[in-house]
Amino acid sequence: MESYKFLLIEKSGPVVRITINRPEKLNALNREVIRELNQALGEAEDDTSVRALVVTGAGEKAFVAGADISEFAHFNPEEARQLAAEGQERLFNFIENFPKPVIAAVNGYALGGGLELALACHIRLGSTTAQVGLPEVSLGVIPGYGGTQRLARVAGLGIAYELITTASRINAERALAVGIFNHVYPPDQLLEEAHKLAEKIAANSPVAIRAALSAIRAGYRALAAGFDAEIEAFARCFASEDFKEGTSAFLEKRKPKFPGR
Ligand code: COA
């Protein structure tokens, strides 16, 4: 197997665990992390002995605290459009279309792109310490990795409107109640439970599972237009003064004052 700068890959029987390993930046997703995830997933897809995957974050604090704000703070709308489209294709849609079940083990903050990553996975387990949310509008931008589409699908329109417009973080108990998490476990049991679930899946027919995943997904193909609309709306935000203020305020560790333009 390849060795990666930002990922740890562990194989145990039919289960591969991918740990995003950039804890000093709370596992924030930059282009390189996304590229490595795409490569590691591709390897797991080709390896016929792999029957299920677990994705998690290194450290006790975060699953993934979002897309890397420092990477895109200076982007123009065209660069933003490219970032969102490329990320969706290489990682988020890739996982959603993956022929083997992918379980997110959400061990802490799953914010912005981190929650979007968990939402692209087929099953989400949370630790009791997890906090999830889509805080993009507090930065003058919107979710650009499928969050506007998948949160509405997983938790319902009302929850999506509320979480996205308030930029609120919710705890694990609330995430379980609204259907974002399938189950919640104490932090020291989360990975063990994720592996148990993966092994239960691995005992079943891979051919039938592939067929089931594709049938479940087929019900949502009509949403393709929503994903494209999200990319366009995300890119438009990058031309606004609000975006410049929101991202500068984050990087300068202060509260933003949005001009509303
Ligand atoms: N992009 C880039 N860097 C990030 C990041 C992100 N999404 N999230 C965290 N980091 C970095 C911080 O800048 C900090 O780096 P530094 O030590 O070089 O200053 C480091 O990770 C640790 O984060 P810090 O903010 O000091 O931890 P905290 O415990 O005080 O706060 C959070 C944790 C998750 C509440 C806070 O990091 C946060 O709000 N992150 C951004 C979340 C977000 O808006 N995500 C959506 C992006 S579209």
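Anything mentioned here points back to the structure above.
Computed from a prediction, not measured in an experiment: that's the story for all the values here. (Residues numbered from 1 in each chain as written. Predicted model: local features only at pLDDT ≥ 70, side-chain atom pairs only at ≥ 80, totals over all residues. Heavy atoms only, no water.)

Participant: For this particular structure, what's the right way to read helix 6 (residues 157-166)?
Facilitator: Since the α-helix packs 3.6 residues into each turn, any two residues three or four apart lie on the same face. Residues of helix 6 that are buried include every one of I159, A160, L163 and I164, and no others. Viewed end-on, helix 6 has its buried residues packed into an arc of 115 degrees, placing them on one side of the element. Facing away from the buried side of helix 6, by more than 90 degrees, are the exposed residues L157, G158, Y161 and T165. Buried residues in helix 6 make contact with helix 5 (147-155), strand 9 (169-171) and helix 7 (172-177). (Buried < 20%, exposed > 50% of the residue type's maximum accessible area, 1.4 Å probe, protein only. Helix = DSSP H or I, 4+ residues; strand = E, 2+ residues; numbered from the N terminus. Arc of directions from axis to C-beta. Contact = heavy atoms within 4.5 Å.)

Participant: What am I meant to see in the sheet that holds strand 1 (residues 7-12) here?
Facilitator: To summarise the sheet geometry, strands pair through backbone hydrogen bonds and adopt either a parallel or an antiparallel arrangement. With respect to topology, 6 strands assemble into an open sheet ordered 1-2-3-5-7-10, the strand pairing being mixed. Each end of this open sheet is capped by a strand with a single partner; those strands are strand 1 and strand 10 (183-185). For this sheet the average axis-to-axis angle between neighbouring strands, irrespective of direction, equals 20 degrees. Pairing analysis gives 3 bridges linking strand 7 (residues 123-127) to strand 10, with the strands arranged parallel. What sits directly across from S127, in strand 10, is Y185. (Pairing = 2+ DSSP bridges. Axes fitted to C-alpha atoms, helices over the stretch in contact; angles between N-to-C directions.)

Participant: Would you mind going over the packing of helix 5 against helix 6 with me for this structure?
Facilitator: Between two packed helices, what matters for the description is the angle formed by their axes and the separation of those axes. Between helix 5 and helix 6, the least distance of the axes is 7 Å, while the angle of their chain directions is 135 degrees. When the interaxial angle is binned, helix 5 and helix 6 end up oblique. Judged by the sense of rotation from one axis to the other, the crossing of helix 5 with helix 6 is right-handed. In contact with G147, T148, L151, A152 and A155 of helix 5, helix 6 contributes L157, I159, A160, L163 and I164. Residues belonging to the contact of helix 5 with helix 6 are distributed by class as follows: 8 nonpolar, 2 polar and no charged. (Parallel < 35°, antiparallel > 145°, perpendicular 65-115°, else oblique. Left-handed = near helix turned anticlockwise from the far one by under 90°. Nonpolar A, V, L, I, M, F, W, Y, C, P; charged D, E, K, R; others polar.)

Participant: For this particular structure, what's the right way to read the side chain of T19?
Facilitator: Locating T19 in the fold gives a position in strand 2 (residues 15-20). Setting aside its immediate chain neighbours within four residues, T19 contacts F6, L7, L8, E10, T56, G57 and A58.

Participant: Can you help me understand helix 8 (residues 187-202) in this one?
Facilitator: When the terminal C-alpha atoms of helix 8 are compared, their 24 Å separation across 16 residues agrees well with the 22 Å that a helix rising 1.5 Å per residue should span. For helix 8, the elements touching its buried residues are strand 2, strand 3 (52-57), strand 5 (102-106), strand 7, strand 10 and helix 9 (206-218). (Expected span 1.5 Å × (residues − 1).)

Participant: How should the pairing of strand 3 be read in this particular structure?
Facilitator: When a strand is regular, its side chains alternate between the sheet's two faces. Within strand 3, 6 of the 6 residues are buried, which leaves it mostly tucked inside the rest of the structure. Sheet topology places strand 2 next to strand 3; 6 bridges connect them, and they run parallel. Paired with I20 across the two strands is G57, which belongs to strand 3. The parallel pair strand 2 and strand 3, bridged by helix 1 (residues 31-46), forms a crossover whose chirality is right-handed. Two strands pair when backbone bridges link them, and strand 3 and strand 5 are joined in this way by 3 bridges, in the parallel orientation. Across the sheet, V54 pairs through a bridge with I103, a residue of strand 5. (Right-handed = clockwise from strand over helix to strand, strands pointing away.)

Participant: Sorry if this is basic, but what is going on with the side chain of D242 here?
Facilitator: Structurally, the position occupied by D242 is in helix 11 (residues 241-251). For the buried D242, no salt bridge is present, and the opposite-charge side chain at shortest range is R261, 7.1 Å distant. (Lys, Arg positive; Asp, Glu negative; His and termini not counted. Salt bridge = Lys/Arg side-chain N within 4 Å of Asp/Glu carboxyl O.)

Participant: Is there a simple way to explain the sheet that holds strand 8 (residues 131-133) in this structure?
Facilitator: Strand order in the open sheet formed by 4 strands is 4-6-8-9, with mixed pairing between adjacent strands. Every other strand in the sheet has two partners, leaving strand 4 (62-64) and strand 9 as the edge strands with one partner each. Strand after strand, the sheet turns through a mean of 20 degrees between neighbouring axes, direction not considered. For strand 6 (residues 109-111) and strand 8, the ladder comprises 3 bridges, and the chain directions are parallel.

Participant: Mind showing me how you'd approach the pattern of salt bridges here?
Facilitator: Pairs can form between side chains of opposite charge once their charged atoms are near each other. Going through the model one piece at a time under the given rule, you end up with 13 salt bridges. For R17, the salt bridge is made with E10, and the minimal N-O distance between the two is 3.5 Å. The class of R17 is buried, set by a relative accessible area of 18%. Judged by its relative accessible area of 38%, E10 falls in the partly exposed class. Note that E78 and R81 form a salt bridge whose closest N and O atoms lie 2.4 Å from each other. Placement of the pair is E78 and R81 together in helix 3 (residues 77-96), with a separation of 3 residues, close to one helical turn.

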